[in-house]
Amino acid sequence: MTDRAVEDLLRALAPQVLGVLVRRHGQFYACEDAVQEALLAAATQWPAQGLPDHPRSWLVTVATRRLTDEWRSERARRDREVAVAVREPAYAAVAPPADEEPPSGDDTLKLLFLCCHPALTVSAQVALTLRAVGGLSTAEIARAYLVPEATMSQRIRRAKQRIEAAGARFDMPSAADRDARLRAVLHVLYLVFNEGYTASSGAELHRAELTGEAIRLARELRRLLPDDGEVAGLLALMLLTDAHRAARTGPGGELVPLTEQDRTRWDRAGIAEGVALVTEALTWSAPGPYQVQAAIAAVHAEAPTAAETDWRQIVALYRLLARLAPNPMVTLNQAAAVAMVDGPRAGLALLGPLDADERTAGHHRLAAVRAHLLELAGDRDDARTAYLAAARATTSLPERHYLEVRAARLATDR
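Residues numbered from 1 in each chain as written. Predicted model: local features only at pLDDT ≥ 70, side-chain atom pairs only at ≥ 80, totals over all residues. Heavy atoms only, no water.

Enquirer: Quick one: what's the story with the pattern of salt bridges, residue by residue and with numbers?
Expert: Scanning all chains against the criterion turns up 17 salt bridges. R219 serves as the salt-bridge partner of E273, at 2.6 Å between the closest nitrogen and oxygen. Here the residue E273 occupies a position in helix α12 (residues 268–284), and R219 occupies one in helix α10 (residues 208–224), the gap between them amounting to 54 residues. Overall, the relative accessible area of 30% leaves E273 in the partly exposed class. (Salt bridge = Lys/Arg side-chain N within 4 Å of Asp/Glu carboxyl O. Helix = DSSP H or I, 4+ residues; strand = E, 2+ residues; numbered from the N terminus. Buried < 20%, exposed > 50% of the residue type's maximum accessible area, 1.4 Å probe, protein only.)

Enquirer: I'd like to hear about the confidence of the model for the protein chain, residue by residue, with values.
Expert: The predicted model of the protein chain averages 86 in pLDDT, with 91% of residues at 70 or higher. Note on residues 88–104: pLDDT is under 50 here. Beyond four places in sequence and across chains, it has 23 contacts. (pLDDT = per-residue confidence, 0-100. Contact = heavy atoms within 4.5 Å.)

Enquirer: Could you give an account of the environment of T241, with specific residues and numbers?
Expert: The residue T241 is located in helix α11 (residues 229–242) in this model. Considering only alpha carbons, one finds T241 and F193, 48 residues apart in sequence, at a separation of 9.7 Å. Apart from the residues lying within four places of it in its own chain, the contact partners of T241 are F193 and Y197.

Enquirer: Please provide a residue-by-residue account of helix α8 (residues 149–165), values included.
Expert: Counted at 1.5 Å a residue, the expected span for α8 with its 17 residues is 24 Å, and the 24 Å between its end C-alpha atoms agrees. Here α8 has its buried residues at M152, I156, A159, K160 and I163. The arc that holds the buried residues of α8, viewed along the axis, is 95°, so those residues lie on one side. Along α8, the residues that are exposed and aim more than 90 degrees away from the buried face are A150 and A165. After α8 finishes, the residue G167 shows a positive phi value of roughly 70°. (Expected span 1.5 Å × (residues − 1). Arc of directions from axis to C-beta.)

Enquirer: Give a description of the packing of α11 against helix α13 (residues 289–302) that names residues and reports values.
Expert: Relative orientation of the contacting elements α11 and α13 amounts to 30°, with a least axis distance of 7 Å. The orientation of α11 relative to α13 falls into the category roughly parallel. Crossing geometry of α11 relative to α13 is assigned as left-handed. For the pair α11 and α13, the contacting residues are G229, E230, G233, L234, A236, L237 and L240 in the first and P289, Y290, Q291, Q293, A294, A297, A298 and A301 in the second. Taken together, the residues that form the contact of α11 with α13 break down as 10 nonpolar, 4 polar and 1 charged. (Axes fitted to C-alpha atoms, helices over the stretch in contact; angles between N-to-C directions. Parallel < 35°, antiparallel > 145°, perpendicular 65-115°, else oblique. Left-handed = near helix turned anticlockwise from the far one by under 90°. Nonpolar A, V, L, I, M, F, W, Y, C, P; charged D, E, K, R; others polar.)

Here it is, written out as structure tokens:
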């Protein structure tokens, strides 16, 4: 079995194994550490020795042994064993038989909700979700977010401690809390995908390990919650957006904007799946923000050329999105679309209030959109100034290079 095949299998099994342990023993902190050790052992042994007959049971057994070793150490051994004995019958600590049926998908869903507990910051929710549900190692997560492994390790450790301190249980939230917690889960997956699709810093525009993991988890969430329109909308949005990936960079890794991309390089299978998902969801579900964003992405994806884009439909969808989820970034994108219908001055008028919004004031995307609209309006000097301001503000090297090239072109093409 190839290393990549083992890696994919382990990521799929990670939440199942963690779910088994947490359901039986509680103690999320200790169980998660034990599962990570079992995954590491499997990643080392399976490629060389071959896949065991029952991989999930193998992982459960190894992780349970790690827990047992931990419980036998130091003074904490007695307290932990007493707690487990009170909460669980004696047979609960025994590894399941090899032919035991795998747990239901509810364990993965419970883990997602647990990792997005309201006691955690958003950054901690992201890190813990990637580790506990995604099966990524601390080193992999740190590498993806360009932070030292020690920093990411500390972030994950604090997140687990907060969950323990909050008394969080391995249960589905109550009906009253479920919608809010599901929104947090969707938001975390959305953030993971966005960071992978346009890395906020560094030399690479894409981080495929993050977009791939976000799509995989969104698929799993869709499997577990097939009747939720926003879950379908988020998966559709990811698929439709990721379909552009191959055309977003040139031979030297330079950024290629949507209007200049070679559309023959777009992933047509991904587009077809995304369009089908959002179209079907909108027939039975009240439109939500992710569905509307997916619908906008579908309009772009279905246009044979940039010139044939139905900008009026996109503007209408952005107006709906602005009502459903008012947000300065929505206004920013809406302004770019309005400029294509009503002219660049109309788009620029929408940008004015964003200068006073602390969420966008000084943000490189605001300066970049303003530069683009000023260029369309023929105001070359102000456009060049705005492009350079955007280049200074971004920490993404591909974006900075693109913005500086645009500014230089305005200075020379006279």
